Amino acid sequence: MVNPVTHNLKKYFRGEINYTTCPGCGNGIVAQAILWAIDDSGIDFDNYAFVSGIGCSGWIPSPAFNTDVLHVTHGRAIAFATGLKLAAPNMKIIVTAGDGDTSAIGGNHFIHACRRNIDLTMICVNNQIYGMTGGQIAPTTPYLSKTTTTPYGSVERPFDLSKIAIAAGATFVARWTTFQARQLRKTIAKAILHPGFSFVEIISQCPVQYGKVLKKRNDAVAMLMDYKERSINLKKARELQKSELKDKIIVGEFVEERNVPELTQEINRLREEALQKCQR
Amino acid sequence: MVNPVTHNLKKYFRGEINYTTCPGCGNGIVAQAILWAIDDSGIDFDNYAFVSGIGCSGWIPSPAFNTDVLHVTHGRAIAFATGLKLAAPNMKIIVTAGDGDTSAIGGNHFIHACRRNIDLTMICVNNQIYGMTGGQIAPTTPYLSKTTTTPYGSVERPFDLSKIAIAAGATFVARWTTFQARQLRKTIAKAILHPGFSFVEIISQCPVQYGKVLKKRNDAVAMLMDYKERSINLKKARELQKSELKDKIIVGEFVEERNVPELTQEINRLREEALQKCQR
Amino acid sequence: MEKNKKIRNADFLQGNIACAEGAIMAGCNFFAGYPITPASEIAHHLSKRMFEVGGTFIQTEDEIAAIANVLGASWGGAKAMTATSGPGISLMLENIGLGVVTETPCVIVNVQRGSPSTGSPSIHMQGDMLQSKFGSQGDYQIIALAPSSSQEMFDLTIEAFNLSEQFRTPVFILSDSLIGHMRERVELPNKEELALFERRRLKSYQGINQKIFLDEKVALMPVFGNGLKANVTGSTHKEDGFRNVSDPKILDNEIKVLSNKILKHKKEIIRIEEVNLEDADVAIFSYGLSSRAVLKSIEVARKERIKVGSFRPITIWPFPDEEIKKLSNRVKTIIVCENNLGQLLPFVKAAACENCQVIFLPPKTLGTLYHTMEIIEKIKEVV
Amino acid sequence: MEKNKKIRNADFLQGNIACAEGAIMAGCNFFAGYPITPASEIAHHLSKRMFEVGGTFIQTEDEIAAIANVLGASWGGAKAMTATSGPGISLMLENIGLGVVTETPCVIVNVQRGSPSTGSPSIHMQGDMLQSKFGSQGDYQIIALAPSSSQEMFDLTIEAFNLSEQFRTPVFILSDSLIGHMRERVELPNKEELALFERRRLKSYQGINQKIFLDEKVALMPVFGNGLKANVTGSTHKEDGFRNVSDPKILDNEIKVLSNKILKHKKEIIRIEEVNLEDADVAIFSYGLSSRAVLKSIEVARKERIKVGSFRPITIWPFPDEEIKKLSNRVKTIIVCENNLGQLLPFVKAAACENCQVIFLPPKTLGTLYHTMEIIEKIKEVV
Amino acid sequence: MSEIGIRLAGLGGQGVVLSSVIIGRAASVFENMEAVQTQTYGSDMRGGDVCSEIIISEQKILYPIVNYPDILVVLAQKAFSQHIQDLKENRILITDKNLVEVNNVSKNIKHFCGSFNNIAIDKFKDNRVANMIMLGFLIGKTKILSQASLEKAIVDLVPANVMELNIQAFYEGVILGNNL
Amino acid sequence: MSEIGIRLAGLGGQGVVLSSVIIGRAASVFENMEAVQTQTYGSDMRGGDVCSEIIISEQKILYPIVNYPDILVVLAQKAFSQHIQDLKENRILITDKNLVEVNNVSKNIKHFCGSFNNIAIDKFKDNRVANMIMLGFLIGKTKILSQASLEKAIVDLVPANVMELNIQAFYEGVILGNNL
Amino acid sequence: MIHIDKDTCKGCGICIAVCPKSVLEFSKELNQKGVNYPEVVNEKKCILCENCMIYCPDFAVVVKKDGKK
Amino acid sequence: MIHIDKDTCKGCGICIAVCPKSVLEFSKELNQKGVNYPEVVNEKKCILCENCMIYCPDFAVVVKKDGKK
Ligand SMILES: Cc1ncc(C[n+]2csc(CCOP(=O)(O)OP(=O)(O)O)c2C)c(N)n1
Ligand SMILES: Cc1ncc(C[n+]2csc(CCOP(=O)(O)OP(=O)(O)O)c2C)c(N)n1
Ligand code: SF4
Ligand code: SF4
Ligand code: SF4
Ligand code: SF4
Ligand code: SF4
Ligand code: SF4
Ligand SMILES: [Mg+2]
Ligand SMILES: [Mg+2]
């Protein structure tokens, strides 16, 4: 290595920092935000486990991060993480998944985790496309987009993932774009400590596949600048009309509810009750 | 048959009207509301098709109703119905499914149908329990309920299905209990004509399995009266505090959006575009 | 300058594209799928072509929905197809079973990849041969075809649609990542030249006990929307579609009739390619792309006057056991070559081993084509 | 009056309950499942018992989540189990494959029902024998045990946990609706008497290239939460867990080592029950509940001095082909009796038919137990 | 003693399965015998026919199904016509006098009946204990198992709040069976 | 003519696959020959190595993989070291003069090289047409297919707006190949 | 007119409960299914509101308004 | 201090775009990956805001504040 100065976050990596993502891919920015948040948390990295789905964003922790990492089937990360958390309730478990992973094939596990309020930190990298498999439409791709599988333009309306998370009962819900990397770091740090299911959605650039759709192919900078322009904080958004919000990305921390029972703690309670009943 | 007078709806049945549901089961009330709505619609029964999942409510149309009926695997009714509707866009397609069918195993298809706004009429019989398989907890069962699989009381919060439907983008969303059988009939009639995905949730008594949970076993009347007491119309509900709404069932037509593009029509548009491009 | 694409009766096509074009030629007008390497190109191509031919393309939320959409569309009258790879097939299996018992014509393309599990998406393997037959719960028959070239991706897709309509049943194409991504010359027939098997539809309502299922000669299909009052269920049912889940005799009848519907028509379904078998002492059993390495080896071996031939089942299921039995009476040895650990081997053995020796040539490296030298060596060892 | 339940060392238990209690005895402390007839009683029972023993029970949103939860919990250190029936297994198959390649111990109970598709939930059938082995994409080995009584539901569930830990792999129990719902006397051992196989855990972090997978002698498991930095993926990987999806040699190695991990330990895994085979001319091959009809028939036939015996594989997978081969050298005929259309028949044939005759006794009515008379007639026909 | 196969047939709600489970438990847990019980439900899941079979034996029981019962207990008319043809000569038939009309039965069949349901209502004010009376009757009549074992099994399997009632009903049946 | 196996190796973005597909199309569609093309990508999906193989023949092509190429085209240094050992004596090697340093190659290998990339930049102001120059060079040099067929295939496979440019580049290459 | 198909009735009692005019009462007799079914005991009070019909889960009640069909 | 690991850089240009003080510019040379990477051209202007670091998707930029580590 030419550069003798090591990155502050290098200690969290399994070896050299060497992402095979495309140039300018937002996944790396998200990876950094996650690791800074972990750095901020003061909790030993060994206490963290990562569960990731299949898709480019699955590669954020796998195999890179130097702690327990479980890289599972497409769409099922949350379900694996649920079992893991239930069996190892003292671990901090972070799930990373793409928008397709989370809301296409994995949509069911997603809403149920929200409902169960199990203490997982879900990082959903929403690049509004299937990156890994070559730019097909995702449930988050805007209406009328021309993707590999919608050559005539998409005819389906996209999900608002944070909105669904809220409706399904998630107790911590936030959204940022990669342009708000600093806020993202803070939010993830909060999400990690939140006692329940936290959903952090990140609108993130895929300059290759979604760049193509936007006719900004390979132009990560243009995409970031676009986020800068279109992002609007939820407090400000509340003051605006629906029409004024067209094409805007509402960002911020939407929900933070702290008095909802968390699943692993509830189960602990059941165990104690059952034990008492047995002993009686 | 002792009674020489035939039921007005008998004409819609494949043979004798002979449900094998338990005494007092709400499914029969729902069945009647559906058929009255169809009667009201004036559309020939042959133009209707039913797709039903597995669960007691799947038996509402299957095999009873004397038109095309497709009784599929647990949780997948909407997905089959989507294919059917796309291939036969002129048919009126009604999906009947239980709460488990819709929101446990079938949750993913449910939210995606909402998003796609495909012209299906979804009748979800929410008896807040797994009826058919013997009274296990459903994603809709209230917190702390003691069911076959939650002997120490459920520790998960239930879904508000209509809320999820709205967040996922459904353009027609309504909820009634079986006690509002008349309103239900009107709503279903509207839903059938609604040009897009319509979701009708019916809180319905399962006196056997959910009756057990409520300690009202086999007492359909008590359950109906309970619905009567707890139902509150959404207009009225809007005026109340959250605490006042505890244990209430908010009923009414929540959403009716008419200017959202419907999937089969959109696809028709694509076909025309494609054809024009080819001919050019 | 004008593009020459459309004026030729031959094209240079990727296997996946040949498959997609074969589907269109066969009259496919519905495709539902979920992206997955190495099958995605089929979806890409059809996402354009379907609309051009007045059909429907939908990218579903997952593979479970894809097969459900396909089966639903088939009941709506469409010729419907999906394409995926092993992980997607695994997810589809429950509903493939429903397709079988509800006798729903459709075509399912499995572009196999390196597996198990997520495996190696771009590596060639023949790992899912038995999954297609035994993956869904219960006893059932399926039809599965194994192409070995772009041309066969095209031709067998048409054949798959024909068989699915003829026997009212799901039909598999078992391709793999190498065939799927390989480009080859494909001759394109005129649609008029083709003998397409169109759906045999029930014409009019025949009363509540109309026989719309469970006929070994294949019942007419009561396509939805025609006032035929079809009564369709994945539960155990009788000829009229009425469910009966308590009487084992009904179950017995359902399973046996559905099985016989295929097995009694094996002759019409099964296609085998035999090369150089007339005088052969040794036959090599192989299928799909592996067979091309085998054929090459035989070409070489024949030059050395070794009496060896190739037996290639184009139809994998129903399994050509009778044909293999006949073969076993003619040759001394059958060498089985598969790009897996011997999935069809027990079936070949069961059919042949009373009459001849059956040996397996395990691939040196799973996921790559046999080197011809490996095969030739084995042949020499045997003769 | 005090209930006598807990003071006895025998109980009268439904098969499903015996299975659940066996799991608890084996140290199972995690159950995830989704209700389905005829397996639900296992969940019902464990929804209470799990908490009593300090474990966890969760009813998941579907079967896909159930198996995912189980595998996740196993990495979290739990002895984990799920129970379902055929439709649920179909949905689990993709992740069962992941369990195999990530070498994740767990137990999967399939209380088979009348199938295919939704079928007949309460009818006894042995329809999913091959699904358990071939249902997920790709080439892999699995361990599967077939109980034939409540006692075996109990005993083999313990055995299943032991094998799953010993070989770090998912293990199937292949029961059916009749066994699951049948009540029988079960002798309950003291936990102290049992030789339980506890998880062989990696004790300390061994560096980035630590060998935590792909050892034919079974690698130690780096259970999560212990600073072991486990690197686990369902993609093709090396001993250290690092993914490599482009080199077929890595895939080849993964598949072959995983396969050998089971196949080279067949002797330790495979259990057969042989009855009256010492002098037999005819052996009847059967398993699960069918074997009890067979044993009854043999009892009768023996009274008529017919030399017939029973060969019952308790282990279905890995398939006991060597044992069958040995058998085929001793008897003149093997009669295969299954409650399906002959799922294991080709495998028996492949193993035996060089040495003896193999015939199949197709069930008169699928879904019901053989009548002893049917079997006796066949025996007489043969001898 | 060789195998005894008992079949109990009636309608849902009559406690047919519970009765057979009590027999099985009595035999297998309290008399150290082998026992196997199976059941089938009628054509649709709700209400309708129920049939439960139980085999008890001192040896290992191989075949778990009762093709030809040694004792057939019938508690509903429909069940009678369904099952009577499986009852061979010299076997025992037990019926509820008021619920089942017995006709066309071979003379060599030993037929006993009692008014289980009526007694339950009249004497115990609860028709749900009719099955206990039947059970007592069966034991009194056939002596296939000891009363003590049955009592213990009932204690184990019946909810605590109705246990006394059930045991009383059981002994009522025993006396009826002994005397009749 | 018996089979000719060509292997093209380089990096993602150099148009290696497109070039081989053009050859395949030219042969199979416009010269009625058989052709088969396969490709592999490097160890990770993004960027990195690309290798495409194409066989053309007048007979049916059985084995679709080129184990030992008759013509090896190398457009990147890494590719050179990866593939050169598969090139047997008397076969043809084509390289980009400026991108690949060729060393230790047997004398019996026929080595030709051109500055495809530099010409593309200098003359056509677009390095994306380097592959067309290479293709023309290959045809000019080996004459395995007619220029006309190649031109037609290019017309079919290249976007309309850059078609002229590509064809010019192709003929630039042909001249280079003919002359060199 | 209220028509009750007594042997289809499962005896849930809903019709009786939802009748605003107490027109219906449980029978003393059991039907084929062995349950008590509703009997019209006060037909005159009936206001033909159809509640009994639309709430019956088993389609066992038919209300016909005179003249109309 | 701004440290750039030039051979890890994929040349996306984000760091250059997000620098508020135009401290960085693309190099003329190509790195091992064949792309232009950022070079510090105006270190004095740098306000150590760390933007270049936290936005770099490839962890190729390190900003160290003096004294601190
Ligand atoms: C069961 C299954 N279906 C499909 C795939 C193929 N596949 C892999 S990643 C992916 C989608 C990727 O999109 P997303 O989740 O948004 O992640 P991204 O690559 O955009 O980060 C798909 C469809 C698979 N691996 N498994
Ligand atoms: C794949 C699969 N899993 C599980 C089942 C078993 N099953 C049948 S219906 C049902 C749930 C029924 O609950 P719900 O959908 O609420 O319908 P209800 O009976 O309450 O109307 C279940 C779990 C099945 N048939 N298929
Ligand atoms: S395809 Fe898109 S999401 Fe995937 S690594 Fe490349 S830029 Fe990132
Ligand atoms: S179990 Fe419940 S939902 Fe099912 S038929 Fe009975 S009462 Fe109705
Ligand atoms: S119609 Fe109305 S008033 Fe008359 S009996 Fe029925 S419910 Fe009562
Ligand atoms: S509502 Fe119907 S089923 Fe219920 S008591 Fe009245 S008539 Fe009978
Ligand atoms: S730290 Fe800030 S000011 Fe300094 S170079 Fe980086 S982005 Fe520019
Ligand atoms: S952000 Fe990183 S990868 Fe991008 S140009 Fe700057 S240093 Fe290079
Ligand atoms: Mg994405
Ligand atoms: Mg329900």
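Refer to the structure presented above.
This structure is a prediction, so every number in the text was calculated from the model and none was measured.

### With respect to the state of the cysteines
Throughout the structure, instances matching the rule amount to 1 disulfide over all chains. In this model, C:C353 is linked to D:C353 through a disulfide, with the two sulfur atoms separated by 2.0 Å. The sign of the S-S torsion, about 45 degrees, decides the handedness of the disulfide formed by C:C353 and D:C353: right-handed. Here C:C353 is found in the loop between α12 (345–352) and β15 (357–361), whereas its partner D:C353 is found in the loop between α12 (345–352) and β15 (357–361) on a different chain. Here the two residues C:C353 and D:C353 agree in accessibility, since each one is buried. C:C28 takes part in no disulfide bond, and the closest cysteine sulfur, belonging to C:C19, lies 9.2 Å away. Judged by relative accessible area, which is 2%, C:C28 ranks as buried.

### Looking at the interface of chain D and chain C
In many analyses, interface size is given as the accessible surface area lost on bringing the parts together. With 61 residues of chain D in contact, the opposing surface of chain C contributes 61 residues. With both sides pooled, the region where chain D packs onto chain C buries about 4900 Å², and carbon together with sulfur makes up 63% of that total. On the chain D side of the contact with chain C, D:P116, D:Q137 and D:D139 bury the most area, a combined 14% of that side's loss. The interface formed by chain D and chain C holds 0 salt bridges in total. Put simply, chain D and chain C have 30 residue pairs in polar contact (both at pLDDT 80 or more) between them. Taken together, the elements giving at least two residues each to the side of chain D that touches chain C come down to α4 (86–101), α5 (131–134), α8 (248–263) and α12 of chain D. Among the elements that take part in the side of chain D that touches chain C, α4(D) stands out by supplying 9 residues, more than any other. For the side of chain D that touches chain C, the residue count by class is 24 nonpolar, 26 polar and 11 charged.

### Structural notes on the interface of chain B and chain C
Tallying the contact residues gives 36 residues for chain B and 40 residues for chain C. Taking both sides of the interface into account, the surface hidden between chain B and chain C amounts to around 3200 Å²; carbon and sulfur atoms contribute 60%. On inspection of chain B and its partner chain C, the count reaches 2 salt bridges. Between B:R116 and C:E61 there is a salt bridge whose closest N-O contact spans 2.8 Å. At the boundary of chain B with chain C, the tally comes to 21 residue pairs in polar contact (both at pLDDT 80 or more).

### Structural notes on the site of ligand 8
Taken together, H:C9, H:K10, H:G11, H:C12, H:G13, H:C15, H:P38, H:C56, H:P57, H:A60 and H:V61 make up all the residues around ligand 8. For the shell around ligand 8, the class distribution of residues is 8 nonpolar, 2 polar and 1 charged.

### What to know about the pairing of strand β2 (residues 68–71) of chain B
By the alternation rule, side chains of β2(B) split into B:D68 and B:L70 and B:V69 and B:H71, which are all buried. Pairing analysis gives 4 bridges linking strand β1 (residues 48–52) of chain B to β2(B), with the strands arranged parallel. Residue B:A49 lies in a different strand from β2(B), and its bridge partner there is B:D68. As paired elements, β2(B) and strand β9 (residues 231–233) of chain C share 3 bridges and run parallel to each other. Residue B:V69 lies in a different strand from β9(C), and its bridge partner there is C:N231.

About the thresholds
Residues numbered from 1 in each chain as written. Chains lettered and ligands numbered in written order. Predicted model: local features only at pLDDT ≥ 70, side-chain atom pairs only at ≥ 80, totals over all residues. Heavy atoms only, no water. Disulfide = S-S within 2.5 Å. Helix = DSSP H or I, 4+ residues; strand = E, 2+ residues; numbered from the N terminus. Buried < 20%, exposed > 50% of the residue type's maximum accessible area, 1.4 Å probe, protein only. Contact = heavy atoms within 4.5 Å. Buried area = accessible area lost by both parts, 1.4 Å probe. Salt bridge = Lys/Arg side-chain N within 4 Å of Asp/Glu carboxyl O. Polar contact = N/O pair within 3.5 Å; in protein donor to acceptor, adjacent residues only side chain to side chain. Nonpolar A, V, L, I, M, F, W, Y, C, P; charged D, E, K, R; others polar. Near = heavy atom within 4 Å. Pairing = 2+ DSSP bridges.

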